[in-house]
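Summary of structural features
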Amino acid sequence: MAALEVISSEPMAGGEQQYLRHFSDETGTQMTFSAFLPPQAKDGPVPVLFWLSGLTCTDENFVQKAGAARRAAELGIALVAPDTSPRLPDDRKLPGEDDSYDFGSGAGFYVDATNYPWSQYYNMYSFVTQELPEAVMVACPEVDVQTRSITGHSMGGHGALTIALKQPALWRSVSAFSPICNPTKVPWGQKAFEGYLGSVDAGLEHDACELVKKGPRSDAILVSQGADDDFLVGDTNQLQPEAFRSACDGVGQELDLRFEAGYDHSYFFIQSFIDDHIDFHASRLK
């Protein structure tokens, strides 16, 4: 692995908030990620909760808007948040990469692309599941990356659910805010799968509704959904939480699906309920 560079380090909530950068073999680009180290990290290894962000986001949105560090510091949990896609320099940009918010930059969808030219760089599944934990292990030896859980928002909620369902033994627990639950059935997912994988059918291996039918987890899944989310309405129903509930019910997967009245798709919603999710994971990271 290429050398890791600490871009910045600031005290926060009694711990330390770091931004780090390294060259990724998976994406062929420089990748950044954030790591919050709680105060307990000074005395020994601490477990870690990985956060995956949504469309248009970077590794900084969660750190700056979610307000997660204070509760994580109280419970002794590290927080790690990667970027949402490769960031190619201008002289290597792919055709159409920056044409829309829901494909290309900021929209890696947590899959390994098989469709050229995206397959050269857009390998976010392998980055998150293999390279990122290794980078955290090297950069933050006080973090026990073997004791890890995962969560995320929207596209990142999709990523968290699918990664945890595909690798149940590696993730102690999984939760999500407003996840894209049935991406093969909605425009966001269909566009991503056609572009990165060559077809919507190829995306079935990255669809939480399909994955849970093949192999439910032995533990509960927590999903929080704003009841007034614009992406639940009519033709913009990109999230499909009821489809995920139905899929879980069909195979006996325990699901705690919480509709929160008055809340939308924003980080105001996440900030309001992030403590519930950190508590959920803390009980499983012991």
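Since the structure is predicted, the reported quantities are computational estimates derived from the model, not experimental observations.

Moving on, we get to the overall build of the chain. Across its full length, the chain holds 8 helices and 9 strands. When contacts within the chain are restricted to residue pairs at least 6 apart in sequence, long-range pairs at least 24 apart make up 70% of them. When the accessible surface of the chain is split by element, carbon and sulfur atoms take 48% of a total near 11,300 Å².

Taken as a whole and judged by the stated rule, the model has 12 salt bridges. With its nearest N and O atoms 2.9 Å apart, the salt bridge here joins Arg87 to Asp83. Taking the shortest distance from any N to any O, the salt bridge between Arg258 and Asp256 comes out at 2.8 Å. The network of salt bridges with common partners includes Arg71, Glu74 and Asp279.

Where strand E1 (residues 5–12) meets strand E2 (residues 15–23), 7 bridges bridge the pair, whose relative direction is antiparallel. Counted as the bridge partner of Ser8 is Tyr19 from E2. The antiparallel pairing of E1 with E2 creates a hairpin that spans 2 residues between the two strands, and Ala13 there sits at a positive phi of about 50°.

We now examine the side chain of Ser105. In this fold, Ser105 is placed in the loop between strand E5 (78–82) and helix H3 (124–139). On the basis of relative accessible area, Ser105 is assigned to the buried category, the value being 16%. A polar atom in the side chain of Ser105 sits 2.6 Å from the side chain of Asp98. With residues up to four places along the chain from it excluded, the contact list for Ser105 reads Ser85, Arg87, Lys93, Glu97, Asp98 and Tyr122.

Another point: the nonpolar core. Counting 63 residues, the largest nonpolar core has Val136, Val143, Ile150, Tyr196 and Phe244 as its most contacted members. Of all the elements, H3 adds the most residues to this core, at 7 residues. Beyond its immediate sequence surroundings of up to four residues, Ile150 is in contact with Leu49, Phe50, Leu52, Ala160, Ile163, Ala164, Trp171, Ser173, Val174, Ser175 and His281. Trp51, Ala73, Ile77 and Phe269 belong to the second largest nonpolar core, which has 22 residues in total.

With that settled, consider the environment of Asp249. On the secondary structure map, Asp249 appears in helix H7 (residues 241–251). When the C-alpha atoms of Asp249 and Ala261 are compared, they prove to be 23 Å apart, with 12 residues separating the residues in sequence.

Definitions and cut-offs
Residues numbered from 1 in each chain as written. Predicted model: local features only at pLDDT ≥ 70, side-chain atom pairs only at ≥ 80, totals over all residues. Heavy atoms only, no water. Helix = DSSP H or I, 4+ residues; strand = E, 2+ residues; numbered from the N terminus. Contact = heavy atoms within 4.5 Å. Areas by Shrake-Rupley, 256 points an atom, 1.4 Å probe, with all protein chains shown as cover. Salt bridge = Lys/Arg side-chain N within 4 Å of Asp/Glu carboxyl O. Pairing = 2+ DSSP bridges. Buried < 20%, exposed > 50% of the residue type's maximum accessible area, 1.4 Å probe, protein only. Polar contact = N/O pair within 3.5 Å; in protein donor to acceptor, adjacent residues only side chain to side chain. Core = buried A, V, L, I, M, F, W, Y, C linked by side-chain atoms within 4.5 Å.

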